[in-house]
Amino acid sequence: MHSLSVVRFQQQLDLEQSFASAFALYEGARRGTNPRTLRSCRQANGPVYLKDFYYVSSLGNRLSRKGDCKLCKFLASMISDATSGTYKLLAMCSSESYLIEAPQRDSKARIKRGPWETFDHNVFMAVVPELPRIPKTGIPLRWLETELPKNGSIYRLTQPRGIDPNRIVLPRQLQLNADFGVIRTWLDQCRDCHSFCRPRKLVGAPLQGFRVVDCKTATPRVVDRPWSEKYVALSYVWGTCEEALSQTIVDAVEVTRTLGEQYLWVDRLCIDQENEEEKLYLVSKMDMIYAGAEFTIVGAAGDARTGLPGVTTKLRKPQMQVELSQRIKGDNAASASISTRKDADIGSELFASNLDILKRPTISASARPKALPPDRNLGKMTLVSLMREPRLAIRDSQWSTRGWTYQEAILSHRRLVFTEEQVYWECRGMALNESTDLHPHMTQPQPSAPMANYMLSGIFEGDMHSLRHLQYGFHASSHTLPSLGQQIQQLANHIRAYTSRNLSEDSDSLNAFLGIAAHYSMDKGLSLLLGLPVWTGSFADRKPGLQSSFALSLSAWTHAAQPLEPGAAMYIADCRRRKCLPSWTWAGWQGRATYSGNELAEIEGDTDASNDEDDDSADTSYSDYFDVWTSETWVTSVDKQWSAEMILHDEGDTNLTMLVSNVSLPNTQDPRKKWLLTIREPLVLRHMYLMRSRDEWEWRRLMGKLVEIHLSVPMTEQALTAGHKSGDLATVLIFASTVPFVWDGIARFLVLRKVDCAGQARWERIGRLTLKLSEVKSFGEQMILMNFQRIGESWSEVMAGAEVPDRRSYWCGSSFRWTTASRLASFGMLWRHFDRWITGGMSPAYKTSIGYDGFWFGNKRTMGLGIIEPRRSQGQATLSVPGTSRLLEHDLFHRTKKAANKIVLVPRPSDDPLDPLRWPTSKKDLALFAMCLSITVGGIQDSLLSTVNGVVQEEFDLPIMKIENLSSYPLLAAGVSCVFASVLARMIGKRPIYIASTTILLITVIWSAAIGHNYNSFFAARFISGLGLGSYEALVLSSIGDMYFVHQRGKRVAFLNLMSLGPINLAPVLSGYVAERYTWRTNFWILTAFTGLGWLLILFACPETRYSRPALFETDLVANAETIAPASEEPSEALEPETHKSRTYWQDLRPYSFIDRNSNPLEHLVRLFSSALYPAVIWCFLVGSTYSGWFSGLSITVAQIFSPPPISYTPREIGHLNTFPGAGAFTAFLLLSLLADSTAKYAARHNEFVFEPEFRLYPISFGLFVGIPGLALFGWYAGTATTEHQVNWVVVSFLYGMIIFTTVTQQSTSFAYLLDAHRDMSIETAVFVVMARNFFSFAAGKFLPVWLAKEGTAKTFYTIAGVQAALVLTTIPLYVYGKVLRSFLSTHNPARIFGTGVKTGHEGRDSTINESCSDG
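For clarity, every value in this text was computed on a predicted model and none was experimentally measured. (Residues numbered from 1 in each chain as written. Predicted model: local features only at pLDDT ≥ 70, side-chain atom pairs only at ≥ 80, totals over all residues. Heavy atoms only, no water.)

A. Spotlight on the pattern of salt bridges. Under the definition given, this model contains 36 salt bridges. Put simply, Glu 278 and Arg 211 hold a salt bridge, and the shortest N to O gap is 2.7 Å. Highlighted residues: Glu 278 in helix α9 (residues 276–283) and Arg 211 in strand β9 (residues 211–214), separated in sequence by 67 residues. Judged by relative accessible area, Glu 278 falls into the buried class, the value being 14%. Across the pair Glu 717 and Arg 700 runs a salt bridge, and its minimum N-O distance is 3.1 Å. With Glu 717 in helix α19 (residues 717–726) and Arg 700 in strand β34 (residues 700–702), the pair connects residues that are 17 residues apart, well separated along the chain. The class of Glu 717 is buried, set by a relative accessible area of 11%. Through salt bridges with shared partners, a single ionic network connects Arg 191, Lys 230, Glu 261, Glu 294 and Arg 414. (Salt bridge = Lys/Arg side-chain N within 4 Å of Asp/Glu carboxyl O. Helix = DSSP H or I, 4+ residues; strand = E, 2+ residues; numbered from the N terminus. Buried < 20%, exposed > 50% of the residue type's maximum accessible area, 1.4 Å probe, protein only.)

Written as structure tokens, this is what we have:
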């Protein structure tokens, strides 16, 4: 049956008739005998598509099914993912494929006739996805150029070119080995017809140390030969291969020998790797080596171990093909019937649009009808795939990601590329591949001319990674000598493409570019100084060009970056420094460098992030400067120009070059030297106060001018401002002039950051700043500053004047430094002058000592209320430590009391109404109450048994230790379950876990009351209830961080602990009475009602609190020097909400609305257990959780202490002992409600309005003054009981209440500190503390009864009191050094110690998928 269905499917397709009919359709359209046109259309708001292709059949989801149909397997191989979606089969004309550019319009907007129309056409098929609102004869716009090349076209294997010479495109059937006959044909054609591709060798030019591999000998060996000899070069990836004669080299030798050449140049063999001098020399001559080769073999299928596919041992991927035993019915001439399967297409054709593609030019209808090319094998149809477009295979290869291979391909004139599937040829005149046989006139339209300019072009002339679509055209103009501006633009594009690649060694950053640098260099003309283009000769007006050109190039480059926020003109990259090279050159950084001011960095996972523009994307004004400077006609148009005077020198000042005249550039290729740049008489911005523009389309203005900022390191606008105010950052003017061909001007600055270099303070470039100037009046000695001061007297202090105090110079090391005009001045002396240039200067504390050790100023670290400030790393702002935030708004100039009382919302709420921070306070509090109620009913189950242990023991007739297991083992279960809860919360959010946990609690409390009539059953119910309770204990603290601002959390954390401990102490008061009046199980029936209420509240009043907020709003996690959020207690009043899609109440009740599909459970477990390395977590357990553990153990053993003689309390009397503990918990909550947040605000007000999490620690003092005496007195008083001297239960209860009071304050305070200090890890830190607390409580419950029995009550509690006193005192060093520890952990994430690459903080938050956000 299955074979019959396969045959039926093949008969339904009737591929022979489909090929014939499609051919007739397209031939008829060419002759004008049918109305078929290639049109772009759209249905309603659907996608734009091209229509009127020949529709063969719908494949549906057939390709996703498993079966024996060879045709189905073949068609499935033609798409990337056959398991999803439905597909259709279309037949298309070969002239409409991506190989040939679509028809272009002439100057009169008329479609130009394509010369390919005179050739015999062919038909191919393609598997196309079926998409809504695209008819069956349509394909998405640009699908032919973007998707078809990924998998290839389907052609019938027809007669070869010798029998069918005029066919526009013919397929080739590939073997597992490369076809060297075809390759030799390409090489011969290029040698005969492309004079511009011949090796470039200067007559008589020697190349010292040049060696080659002799391929004609039995064993290849390296020999010395003159550079003038013919040789082939090899470009490949070394990888980790240690063998000198790797498989790739062996295969390259075979290719060289087979193509008739004798010598092969291989860098690894032909350069003495041990001779550094020779190695450096030959590396600098790569332009001569690769440009002088006959052709370059490129290994793009792996690294040195892989080999070249199809040469010797390494076979390539087989070409997909299928053979069908069918015959064409009748004649297959052009008269074959045209398909009558028409679309009911209601799409509107797009006229007057740049998407409009009108019908192609026609040929005479009277011309002889064209015949469909016959099958190669009579009686059989063989379908072959043209395979993946080799250009894409090369672009996606490892070879194209390596920095060294970039110049090897660019400098070569001919490249023979071996991919995994086939061989690709690209010279400067044509690009061909092995699977496609093109018409000869298309590859050589005229003698000595390049490939037709309408054909698909090569990828090595430009940046193959800059565009996601293929390019067309081999233009003859590209082989003429370009102008200087064009060369600069080409250099800028090379720099952009090269810096997009990777290098194994940072020191190779310049070495791997030296060949391109040498290619563009000329004496007394264009040159590169450490990678920066400069003009070393004179300009057309006879003025020296070095100073201006270097200043321009120095200040023009930046890194491709993303805007700080939508619409912002501040662009932020995250690039790594290469310390072996200066920061002022792009070679000193890892990251894509660009001379285009608006090039965006590609976001990970976003294929459309890079600019969709041509290769000439460099800033045209940058290249225009060089054209204007060297043009006698235009040089006078740039009449207003200023550039800084700079000195290039090494660290020892042994090589010093003043970059101000036509001097010879120093040799900067010595890797042992570090080059510094000194700026003489610098002009420094006095501040960085960016002012909002009145025009909504503008971002910011600086000194009334439009400003644009590009930074190579992450930094917020507030941190940038604060850094300039503190002196850690400085912005120096480098170049200013009128813009070529424009009357406006531009001022280019460098943004510098202070760094430490071997104990010496220097400055490094971290970005650039440009000011756009209009109506420039004057440059000259006063430069543009006179124009600035013309705005008004209020601006006269904005920038440093031209007359710099004491004529000092600006010194910028690692890259830049200050000096005097003659000798190096002391850093301290210079700072006194520099301090005057910064508005507001520095605080008086900084002026007493100028020494700088790289991280902070002065001889002492600044302390805020006793908190030691951490060492600030390069560019780090005051508020860049996670947890530190601006809590109170202040007036920058007056600091009025009214302004200081305004609360800053931290974190900043987003504009999304789904953000929990924007919920009404009533909604937040109700959700928190629902969570806390579930904690209460879960914890009360333990306390219900504490008063009736004796009764339960009698009923089950078991030892007291067995009965105490009913209270201790649930703690163990809770400790285990919280681990799984934390992992699931990261993956699916918190709401589904809350629902499941409350359901478990409800089931187990009913179980305990109704079913658990034997010990094992009752124990099982108690153990499972611990599993439900553990989830709440683990996650509620994190939910508080999700919903509440910093200034609101203190009292909510106190409420959480009140609900955790308060009712637990009050319940025994009633449970003892109920147990005596009824039975002890009645308590569980009463608890069932409250558990059911909690279950309903979780279902209907507790939405998902997990929310992935943009990092910009996480102001307590991201470095911020100033607040962004307005002062308001309610976020709804603080921000004007943007347009977001909100959810209804019932949508909020979905079981889950947050899914992180990229989560890795193992990484979350590593996060969890790595939190044990956080000092705050250790302290929180030792100080807060141990108190709770002792309380849990005490609640279990209270009956053991007071039930036996001589005290002999009844269950009711034991229950009465919990009266004061319940009151103590409530008192602690009231006290913390008043003090927890207010003390933090008070401390922040006296700490420059900055909040530190350490301000939460003040209530810990209650542990010393209340808790320690309570523990000691409780043990003493209970131990004094005798038969003659009975203890008073009121006194015992009061002392017990002191312990519980301290437990609530200690636990609330420690949890609040933990939440504020590490909110990005709030789930993991809370879970670890809760897990450790539960395990400790379990141990205390098991160990404390034994300890009491052995040591007695008094001695036991004396010991506990002493231990707790010592633990509480650890709060003092945590308070003093807490900020230092937080700063250290922010840069030394413990999770990374285990190599998981886990991200914390806002990095991790950005990687999640928030379904709430996607709804909007």
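B. Seen up close, the environment of Glu 130. Mapped onto the elements of the fold, Glu 130 is located in the loop between β5 (123–129) and β6 (139–140). Each C-alpha atom of the pair Glu 130 and Gly 60 lies 8.2 Å from the other, and the pair is 70 residues apart in sequence. At 2.7 Å, the side chain of Glu 130 forms a polar contact with the side chain of Ser 58. Polar side-chain contacts of Glu 130 include one of 2.9 Å to the side chain of Thr 86. (Polar contact = N/O pair within 3.5 Å; in protein donor to acceptor, adjacent residues only side chain to side chain.)

C. Region of the structure containing the packing of aromatic side chains. Tallied over the full model, the rule gives 26 aromatic pairs. Pairing Tyr 498 with Trp 586 gives two aromatic rings, centres 6.0 Å apart and planes at 75°, and the pair type is edge-to-face. Of this pair, Tyr 498 sits in helix α14 (residues 484–498) while Trp 586 sits in the loop between β26 (576–577) and β27 (589–590), and the two are 88 residues apart along the sequence. Using a relative accessible area of 3% as the deciding quantity, one classes Tyr 498 as buried. Accessibility expressed as a relative area gives 0% for Trp 586, which makes it buried. Between Phe 626 and Trp 629, the ring centres sit 5.6 Å apart and the planes meet at 70°, which makes this aromatic pair edge-to-face. (Phe/Tyr/Trp six-rings, centres within 6.5 Å; stacked < 30°, edge-to-face > 60°.)

D. Here's a closer look at the side chain of Asp 650. For Asp 650, the location among the structural elements is in strand β30 (residues 645–650). Of the side chains with opposite charge, Lys 673 lies nearest to the buried Asp 650, which makes no salt bridge, at 4.2 Å. (Lys, Arg positive; Asp, Glu negative; His and termini not counted.)

E. Region of the structure containing the pairing of strand β18 (residues 423–427). Across the five residues of β18, five count as buried, placing the element largely inside the fold. Neither face of β18 is exposed, since Val 423, Trp 425 and Cys 427 on one face and Tyr 424 and Glu 426 on the opposite face are all buried. Bridge analysis of strand β17 (residues 414–418) against β18 gives five bridges, and the strand direction is antiparallel. Of the residues in β18, the one forming a bridge with Phe 418 is Val 423. Count of turn residues in the β17/β18 antiparallel hairpin: four residues. Across three bridges, β18 lies against strand β19 (residues 431–433) in antiparallel orientation. Bridge pairing in β19 links Tyr 424 to Asn 433. Between β18 and the antiparallel strand that follows it, β19, lie three residues. (Pairing = 2+ DSSP bridges.)

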